[in-house]
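Observations on the model geometry
Residues per chain, in single letters:
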Amino acid sequence: MTTKTISKSDRVLIQQIIGSRRPSNYFWATVVTLGATGFLLAGISSYLQINLLPVSDATQLIFVPQGLVMGLYGVAGNLLGLYLWLVILWDVGGGYNEFNKETGQVRIFRWGYPGKNRQVDITYSTEDVQAVRVDIKEGLNPRRELYLRVKGRNPIPLSRVGQPLPLSELENQGAELAQFLRVPLEGL
């Protein structure tokens, strides 16, 4: 599920956005790390002539070029695995959308990469919201996203990046949000 309504009343609506802490990211980070570690151990085994792998005998590999190349693949793969695990740890892209009628504000909050701009925190007045827009593009690279149209600004994405939402879920979220904000729903 992309967005999960964590709080809803007649005055406040908060939607949690799942960022990089998706099951698929955990799966790929694990696969890349394990595979790269295997390549690295094979390269080290061929150099030291001591088998470090439990499933095969890498001492039969000639270090130059086979063991060396496998070791380099292992280092590159482990760096990629480290990057994937750090992105998961930092929860890049995660955050929430808060629509508050009591304060008259819409707040879009997302986590980014560590550094000066770690947090993306945008606040608008609910009076400036013109519509909720549904963007649907089918084909080879499908796109199904929700946007918030605000006066004088480019459309603001409300759904996470990644796999497209199912149409029924997209329609329900868009209709719920448009009804809550009392603005039109565009794009359907």
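Here is what the cut-offs are and how they apply
- Residues numbered from 1 in each chain as written.
- Predicted model: local features only at pLDDT ≥ 70, side-chain atom pairs only at ≥ 80, totals over all residues.
- Heavy atoms only, no water.
- UniProt positions renumbered as here; feature names shortened; annotations may be inferred.
- Patch = residues over 30% accessible without salt bridge, like charges linked within 9 Å, V, L, I, M, F, W, Y side chains within 5 Å.
- Areas by Shrake-Rupley, 256 points an atom, 1.4 Å probe, with all protein chains shown as cover.
- Salt bridge = Lys/Arg side-chain N within 4 Å of Asp/Glu carboxyl O.
- Helix = DSSP H or I, 4+ residues; strand = E, 2+ residues; numbered from the N terminus.
- Pairing = 2+ DSSP bridges.
- pLDDT = per-residue confidence, 0-100.
- Contact = heavy atoms within 4.5 Å.
- Axes fitted to C-alpha atoms, helices over the stretch in contact; angles between N-to-C directions.
- Core = buried A, V, L, I, M, F, W, Y, C linked by side-chain atoms within 4.5 Å.
- Buried < 20%, exposed > 50% of the residue type's maximum accessible area, 1.4 Å probe, protein only.
- Phe/Tyr/Trp six-rings, centres within 6.5 Å; stacked < 30°, edge-to-face > 60°.
- Lys NZ or Arg CZ within 6 Å of the ring centre and 35° of its normal.

Looking at an unreviewed UniProt entry, one finds the protein chain named Photosystem I assembly protein Ycf4 and attributed to Planktothricoides raciborskii GIHE-MW2. The UniProt entry for the protein chain carries the following comment under Function (unreviewed entry): "Seems to be required for the assembly of the photosystem I complex." If you open the UniProt record of the protein chain and go to Sequence similarities (unreviewed entry), you find "Belongs to the Ycf4 family."

Here the focus is a nonpolar patch on the surface. Together, Ile-44, Tyr-47, Leu-48, Ile-50 and Leu-52 make up an exposed nonpolar region whose accessible area comes to about 470 Å². If you trace the backbone, Ile-50 turns up in the loop between helix 1 (23-48) and helix 2 (63-90).

The positions UniProt marks with the feature "transmembrane region" (unreviewed entry) are residues 26-48 and 68-90. Taken end to end, residues 26-48 is 100% helix and 0% strand, and its two terminal C-alpha atoms sit 32 Å from one another. Strand forms 0% of residues 68-90 and helix 100%; the C-alpha atoms that close the span are 33 Å apart.

In this sheet, strand 4 (residues 105-111) lies alongside strand 3 (residues 95-100) in antiparallel orientation, the contact comprising 6 bridges. Residue pairing for strand 4: Asn-100 is matched across the bridge by Gln-105. Connecting strand 3 to the antiparallel partner strand 4 that follows it, the hairpin turn spans 4 residues, and Gly-104 within it adopts a positive phi of roughly 75°. By the bridge criterion, 7 bridges tie strand 4 to strand 5 (residues 119-125) in an arrangement that is antiparallel. Bridge assignment links Val-106 to a residue of strand 5, and that residue is Tyr-124.

Looking now at the confidence of the model for the protein chain. Taken over all residues, the pLDDT of the protein chain has a mean of 90, while the share at 70 or more is 94%. Per-element mean pLDDT across the protein chain ranges from 63 in strand 1 (residues 3-8) up to 97 in helix 2.

An order of 8-7-6-9 is seen for the 4 strands of this open sheet, with the pairing classed as mixed. At either end of the open sheet lies a strand with only one pairing partner, and these are strand 8 (156-157) and strand 9 (185-186). Bridging between strand 6 (residues 129-137) and strand 9 involves 2 bridges; their strand directions are parallel. Along strand 9, the bridge assignment pairs Arg-133 with Glu-186. Sheet contacts for helix 3 (residues 167-181): strand 6, strand 7 (143-150) and strand 9; angle to strand 6, the most-contacted strand, approximately 175°.

So, about the nonpolar core. In this structure, Phe-99, Val-132, Leu-148, Leu-158, Leu-177 and Leu-181 are the most contacted members of the largest nonpolar core, which totals 20 residues. For this core, the elements supplying multiple residues, two or more each, are strand 4, strand 6, strand 7 and helix 3.

Note on aromatic pairs: each is described by the distance of the centres and the angle between the planes. For the structure shown, the criterion picks out 7 aromatic pairs. Each ring, one from Phe-27 and one from Trp-28, has its centre 5.0 Å from the other, and the planes form 75°; the classification is edge-to-face. Among the residues examined, Phe-27 registers a relative accessible area of 46% and is labelled partly exposed. Ring centres of Tyr-96 and Phe-109 lie 5.4 Å apart, and the angle between their planes is 25°; on these two criteria the pair is classed as stacked. One end of the pair, Tyr-96, is in strand 3; the other, Phe-109, is in strand 4, with 13 residues separating them in the sequence. Among the aromatic side chains, those forming a connected cluster through ring pairs are Tyr-96, Phe-109 and Trp-111. For the cation-ring pair, Lys-101 lies above Phe-180, with the distance from its terminal atom to the ring centre recorded as 4.5 Å. Of note, Arg-133 hangs over the ring of Tyr-147, and the distance from its end group to the ring centre comes to 4.8 Å.

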